[in-house]
Every structure is written in structure tokens, then in C-alpha cells.
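Each chain, written out:
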Amino acid sequence: MKYSEARQGRIFVIRLEDGETVHEKLEKFARDHAVERAQLIIIGGADKGSSLVVGPEESRGLPIMPMTHELYDAHEITGTGTIFPDDEGSPVLHLHMACGREENTVTGCIRNGVRVWHVMEVVMTELLENTASRQPDPLTGFKLLIP
């Protein structure tokens, strides 16, 4: 385990609007408001055609081949995530959502593009006095959090 400490900074209450792509809007918000690090909770609706990464094809296979799932209609969502700068200093959102409709639920990473269905509400809490960042990992190809 690796860890670091942070102090709570500003808290933003954000409403994403119909058709917006979640990760694009939240990363732009972070850049525009000089938020380098944050934790987020999110609730609302995801639109038909939104895409989630739902796991690797093989648990320990290399290279890692992601599996994706496209939402077949509007879904209720809840999610949690973080923003940390990457090796170039750009804010990168890592957020997982549980998306449900009737008795069906799918959970995954929103990186491939989840679009808002009418509204999503976000509470973003800035993390201060911390130097954590996402750095390239040659084995996985991911930019991993280095606390």
C-alpha cells in the first residue's frame, strides 16, 4: 500500500446537462477552476448509447484488453471518482458508475464516454496540500496513481 495525506479545499456543486459527456465536462471544469486534485460523487441519469469499460477480457492477461458495454436505454446512475494530474499536468478523471434500469445493473469506468440523460448532479471536493499524480505504468499501459 502507498498513501499520502491531503487537506480538504473548496467544495463545488455542479449540474451537468443533457447530452454532455461526463469526463470531458468535469476535466474541463477542473482546468477552468484550477482544481488539480479532487474526489467526486455523482448521481443522475446516463443516456442511451453511453459506453462503459466493464473489465478486462482476461483477469491477468497481457496486454490488457478492455471489455465495453453500451447502455441500451436511459439508466439511473450513481458513481464515485477522483481527479489527479497526469504526467503532463492535465487533470484526469477516474470515475466508476453503477447504471441501473429495472432489474438490470452494470458497473464500469466512464472513460469511453457516458452522456448525461437530462441531468447529473456532482459534488466535487478539492484535495489540497498533496502531490499525488497519475504516472505511466509500462506493464499495464495505465496511468497509475502515485500517492
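Note that this is a predicted model, so its numbers are computed, not measured. (Residues numbered from 1 in each chain as written. Predicted model: local features only at pLDDT ≥ 70, side-chain atom pairs only at ≥ 80, totals over all residues. Heavy atoms only, no water.)

On to the packing of aromatic side chains. Enumeration over the complete set of coordinates arrives at one aromatic pair. Pairing phenylalanine 12 with phenylalanine 29 gives two aromatic rings, centres 5.1 Å apart and planes at 80°, and the pair type is edge-to-face. You can see phenylalanine 12 sitting in strand β1 (residues 7-17) and its partner phenylalanine 29 sitting in helix α1 (residues 22-32), a full 17 residues away along the chain. Of the residues examined, phenylalanine 12 reaches a relative accessible area of 15% and is grouped as buried. The exposure class assigned to phenylalanine 29 is buried, which follows from its relative accessible area of 18%. (Phe/Tyr/Trp six-rings, centres within 6.5 Å; stacked < 30°, edge-to-face > 60°. Helix = DSSP H or I, 4+ residues; strand = E, 2+ residues; numbered from the N terminus. Buried < 20%, exposed > 50% of the residue type's maximum accessible area, 1.4 Å probe, protein only.)

On to a nonpolar patch on the surface. Side chains of Ile11, Val13, Ile41 and Val123 sit close together on the surface and give an oily, nonpolar patch of about 380 Å² of accessible area. Here isoleucine 11 is to be found in strand β1. (Patch = residues over 30% accessible without salt bridge, like charges linked within 9 Å, V, L, I, M, F, W, Y side chains within 5 Å. Areas by Shrake-Rupley, 256 points an atom, 1.4 Å probe, with all protein chains shown as cover. Salt bridge = Lys/Arg side-chain N within 4 Å of Asp/Glu carboxyl O.)

Turning next to unusual backbone geometry. Negative phi values dominate among residues other than glycine, just as trans dominates among peptide bonds. With an omega dihedral of -5°, the bond running from leucine 62 to proline 63 counts as a cis peptide bond. As for its position among the elements, proline 63 is in the loop between β3 (51-56) and β4 (66-70). Positive phi is not limited to glycine here, since alanine 34 has a value of about 55°. As for its placement among the helices and strands, alanine 34 is situated in the loop between α1 and β2 (38-46). By relative accessible area, alanine 34 is classed as exposed at 55%. Backbone geometry at glutamate 129 places phi at a positive 55°, although glycine is not the residue there.

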